[in-house]
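# Secondary and tertiary structure notes
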Amino acid sequence: MSLESKQQHDLSLKNSVEGNDQHSPLSNMHPELGKQSSTDFKQFEANDQCTLYRRIHMEPREKSSTNFKQFVIRKLQKSCQCSPAKAKNMIFDFLPVLRWLPKYDLKKNILGDVMSGLIVGILLVPQSIAYSLLAGQEPIYGLYTSFFASIIYFLLGTSRHISVGIFGILCLMIGEVVDRELHKAGYDTADNAPSDLGLVLNGSTLLNQTSDWICDRSCYAIAVGSTVTFMAGVYQVAMGFFQVGFVSVYLSDALLSGFVTGASFTILTSQAKYLLGLSLPRSNGVGSLITTWIHIFKNIHKTNICDLITSLLCLLVLLPTKELNEHFKSKLKAPIPTELIVVVAATLASHFGKLNEKYNTSIAGSIPTGFMPPTAPDWNLIPSLAVDAIAISIIGFAITVSLSEMFAKKHGYSVKANQEMYAIGFCNIIPSFFHCFTTSAALAKTLVKESTGCQTQLSGVITALVLLLVLLVIAPLFYSLQKSVLGVITIVNLRGALRKFKDLPKMWKVSRMDTVIWFVTMLSSALISTEIGLLIGVCFSMFCVILRTQKPKTSLLGLVEESEIFESMSAYKNLQTKPGIKIFRFVAPLYYINKECFKSALYKKTLNPVLVKAAQKKAAKRKITKETVILSGVQDEVSVQLSHDPLELQTIVIDCSAIQFLDTAGIHTLKEVRRDYEAIGIQVLLAQCNPSVRDSLARGEYCKKEEENLLFYSVYEAMAFAEESQNQKGVCIPNGLSLSSD
């Protein structure tokens, strides 16, 4: 803009203000009158044109004084009120089946539910038997577990699609606890020949202290398994009652994925001995994976050739057919039940070939029909199992809730996370009295259930009927089934977890921190132990969160042309800046961990007020001006700071939009920064503070009541105020803040 046009513009602006003098007192405003003005105005020079603007003003609501005693009484009264409608709602909330079953659309849903229930039931039969070995239990107990879990979740669950039952990772954790307790009780943990449940086995018996009958190894194993299951269920119900489901937020997707993959290596290792037909004690504790492989290689010469050949044949059949099922799942109406076919074929081959008698192969043994009488958990075992049940309960409900929410979102309905915790808790508490072990949702079976047309929880009843048929009639026919076949089934089902390695390049590209968390959790779960690995993963994940906030990103901002948006000058080109004003962004909460990082970054990107003040004092003492210091050629640290003439920088705007909260240390840091800058004549403005930060600043007395106009609702507004304050130095500016010129 030329000098003449600028003068004309200034003159026209002056005339316009004078012409409106009767309506606006801005032209002749006295500082005291300006402070009493209820309407704040602001000016901003854009493209060398001055425009009047109105400052944002928001009146906060008055907070009602809350009396804690009255609050508690009100809550108790609300909770203790009883009416028929409230009682009905409570019952319906606890038993969701009462809501949806009367509205069940038979024509629309029955075919999909029956088909998916049958398919999942057929898949569960061999998997339940196989995973029983992983949990250190007899095959019949795996069938019991899947049966009761299907029935109870049908009554209590809110997800229409997830399949609740036996889950490999939890079976592994149960098996480790069972073997430890068997060893402490003096039982031989090496694999023994199958026996009649609860009877004397090879002279290895102990008198159970809680009963009057002799309890053998199998009996004691299920006592331990059912007791830890009971405790896990109690924890889950308690978490639902106290609404502490937030614990699962500490289990990120990367952490859970790494944990499952690491535990899969442990599962694979524990099943390797069955593939080779070796009878080895189960290794427990730290480094059990390495110890197990050492034992395997030491006893490799004892490999049962018949079991090895059977394992290889089953792998050659199961792996390709599983891949075909996945490849053509969109074209197949139902997956091919390859596992059941392999189990039936292997059982027939073992029975008619008399493989156990001829080659001493390890077989499943006697599987009784019907149900055993219910038995209470062993209360004397609770002190030694209470800690183990914590990790098991957290993993169980975290997987169940995450899967239920994922499939609910996919199919457009809602689930109640709290009710899911109740459901999975009672799926553990009630079955623990019927010789069962811990259950949760399982992704593989849930995907099968969804892909085969599941519509409601009724498919769980169909699955339970299939398992009931096996328990009442078919179970004894699996007597000759080789354990090597069950081991192969377990290992083949680990493919999904082991395939996570293929996703690592993509994960690394998206988030390197998540990839590191995945690796740390996976390695610690595999090489140390599952429980310690989970704990290490959680601690490391939380450490990474702290690390991110300890050294967050900081940047100076510039104005995007023809907008009110500010972006990082290091990330974008052609951003506009105003002389004498610097806008600083800190992308993290400001608290005791990163307060020094905040100060150092701010001082580095603007200037260090402490050094400037020290230099000013030094210059005053020597009675020389700053110009003299700079021209003298002295290259010490202070003169380097002064080479950026401090008078050129008049205002620092701190963009607080990315600061989620402040603690006491953060408030003190902001006070200190403001005090240091004001000592050298630079004003500090805060912009875009969220309500939490504003409350913290008010409680921390960051500024006096008459200085509250130094907090701005937008960076643009703060910059306009800063620019106006430069133009109006020594004059009362429109927002009522009096600035004196030096």
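Predicted model, so just to flag it, every value in this text is computed and none were measured.

## Points about the environment of Ala698
- Along the chain, the position of Ala698 falls in helix H29 (residues 691-699).
- The class for Ala698 is exposed, based on a relative accessible area of 57%.
- Put simply, Ala698 and Ile667 are 31 residues apart on the chain and 9.9 Å apart in space, counted from C-alpha to C-alpha.

## Some points on the packing of helix H15 (residues 382-411) against helix H17 (residues 443-451)
- As a packed pair, H15 and H17 sit with axes 12 Å apart at the nearest point and diverge in direction by 25°. Regarding the angle of H15 to H17, the classification is roughly parallel. Seen from above, H15 lies across H17 with right-handed handedness. Here Leu403, Met406, Phe407, Lys410 and His411 of H15 lie close against H17, whose contacting residues are Leu443, Thr446, Leu447 and Glu450.
- Considered class by class, the residues forming the contact of H15 with H17 number 5 nonpolar, 2 polar and 2 charged.

## A word on the sheet that holds strand E7 (residues 554-559)
- Strand order in the open sheet formed by 6 strands is E8-E7-E9-E10-E11-E12, with mixed pairing between adjacent strands. Edge positions in the sheet fall to strand E8 (566-568) and strand E12 (711-712), since each has one partner strand and no second.
- Of the strand pairs in this sheet, strand E10 (residues 651-655) and strand E11 (residues 683-687) are connected by 5 bridges, and their pairing is parallel. By the bridge assignment, Ile652 is partnered in E11 with Val684.
- Along the sheet face, helix H30 (residues 715-727) touches E7, E8, strand E9 (581-586), E10, E11 and E12 and points at about 160° away from the line of E11.

## A short note on the nonpolar core
- Core analysis: the largest hydrophobic core is formed by 105 residues, its most contacted members being Leu251, Phe478, Leu481 and Leu534.
- Counting residues per element, this core draws most heavily on H15, at 13 residues.
- In contact with Leu251, not counting residues within four places along its chain, are Leu256, Ile394, Ala398, Leu534 and Val538.
- Counting 30 residues, the second largest nonpolar core, distinct from the first, contains Leu590, Phe598, Tyr603 and Leu697.

## Topic: unusual backbone geometry
- Of note in the backbone geometry, Glu562 takes a positive phi value of approximately 60° without being a glycine.
- Tracing the backbone shows Glu562 in the loop between E7 and E8.
- Glu562 sits in the exposed class, given a relative accessible area of 78%.
- We note that Gln688 has phi near 60°; this positive angle belongs to a residue other than glycine.
- Following the sequence through the fold, Gln688 ends up in the loop between E11 and H29.
- Judged by relative accessible area, Gln688 falls into the partly exposed class, the value being 33%.

## Some words on the packing of helix H12 (residues 305-327) against helix H19 (residues 483-492)
- At a minimum axis distance of 9 Å, the contact between H12 and H19 shows a crossing angle of 35°. When you trace H12 past H19, the crossing you get is right-handed. Within the contact between the two elements, H12 uses Asp307, Thr310, Ser311, Cys314, Leu315, Leu318, Leu319 and Lys322 and H19 uses Ser484, Val485, Val488, Ile489 and Val492.
- In the contact of H12 with H19, the residues fall into 8 nonpolar, 3 polar and 2 charged.

## Thoughts on the pattern of salt bridges
- This model, assessed by the stated rule, comprises 13 salt bridges.
- The salt bridge partner of Asp388 is Arg180, with a shortest N-O separation of 2.7 Å. Of the two residues, Asp388 is situated in helix H15 and Arg180 in helix H8 (residues 168-185); the sequence distance between them amounts to 208 residues.
- Residue class for Asp388 comes out buried when judged on its relative accessible area of 12%.
- Arg180 sits in the partly exposed class, given a relative accessible area of 28%.
- Among the salt bridges present, the one from Asp655 reaches Arg585, with a minimum N-O distance of 2.9 Å. Placement of the pair is Asp655 in strand E10 and Arg585 in strand E9, with a sequence separation of 70 residues.
- We classify Asp655 as buried; its relative accessible area is 1%.
- Through salt bridges with shared partners, a single network forms among Arg180, Glu181, Lys184 and Asp388.

## Notes on the pairing of E7
- Looking at chain direction, E7 and E9 are connected through 4 bridges and run antiparallel. Looking at E9, one finds that Ser555 is bridged to Arg585.
- In sequence, E7 turns back onto E8 through a hairpin of 6 residues, with Glu562 there showing a positive phi of about 60°.

## A word on a nonpolar patch on the surface
- A cluster of nonpolar side chains, contributed by Ile290, Ile294, Phe501, Phe519, Leu523 and Leu527, occupies part of the molecular surface with about 490 Å² of accessible area.
- With 3 residues, the top contributor of residues to the nonpolar patch is helix H22 (residues 512-527).
- Within the fold, Phe519 resides in helix H22.

## Notes on the packing of aromatic side chains
- According to the stated counting rule, one finds 23 aromatic pairs in the structure shown.
- Seen from their ring centres, Trp100 and Tyr104 are 6.5 Å apart, and the 55° between their planes marks the pair as tilted.
- Trp100 gets classed as buried once you look at its relative accessible area, which sits at 17%.
- Classification of Tyr104 as buried rests on a relative accessible area of 16%.
- Taken together, a centroid distance of 5.2 Å and an interplanar angle of 75° make the contact between Phe147 and Phe148 edge-to-face. The pair formed by Phe147 and Phe148 is uniform in burial state, with each residue classed as buried.
- Grouped by ring-pair contacts, the aromatic residues Tyr141, Tyr144, Phe147, Phe148, Phe371 and Phe434 constitute a single cluster.
- The ring of Tyr413 has Arg160 sitting right over it, with the charged end atom 4.2 Å from the ring centre.
- Directly above the aromatic system of Tyr702 lies the positively charged group of Arg674, at a separation of 5.3 Å from the ring centroid.

## Topic: the confidence of the model for the chain
- On average, residues of the chain score 79 in pLDDT, and 80% of them are at 70 or above.
- Helix H2 (residues 31-36) is the least confidently modelled element of the chain, averaging 35 in pLDDT, while helix H7 (residues 139-156) averages 92, the highest of any element.
- Segment residues 1-53: pLDDT under 50, and 55 contacts once partners within four positions in sequence are set aside and those in other chains are kept.
- Within the model, pLDDT remains below 50 along residues 631-646, and this stretch shows 22 contacts once partners closer than five positions in the same chain are excluded.

The rules behind these values
Residues numbered from 1 in each chain as written. Predicted model: local features only at pLDDT ≥ 70, side-chain atom pairs only at ≥ 80, totals over all residues. Heavy atoms only, no water. Helix = DSSP H or I, 4+ residues; strand = E, 2+ residues; numbered from the N terminus. Buried < 20%, exposed > 50% of the residue type's maximum accessible area, 1.4 Å probe, protein only. Axes fitted to C-alpha atoms, helices over the stretch in contact; angles between N-to-C directions. Parallel < 35°, antiparallel > 145°, perpendicular 65-115°, else oblique. Left-handed = near helix turned anticlockwise from the far one by under 90°. Contact = heavy atoms within 4.5 Å. Nonpolar A, V, L, I, M, F, W, Y, C, P; charged D, E, K, R; others polar. Pairing = 2+ DSSP bridges. Core = buried A, V, L, I, M, F, W, Y, C linked by side-chain atoms within 4.5 Å. Salt bridge = Lys/Arg side-chain N within 4 Å of Asp/Glu carboxyl O. Patch = residues over 30% accessible without salt bridge, like charges linked within 9 Å, V, L, I, M, F, W, Y side chains within 5 Å. Areas by Shrake-Rupley, 256 points an atom, 1.4 Å probe, with all protein chains shown as cover. Phe/Tyr/Trp six-rings, centres within 6.5 Å; stacked < 30°, edge-to-face > 60°. Lys NZ or Arg CZ within 6 Å of the ring centre and 35° of its normal. pLDDT = per-residue confidence, 0-100.

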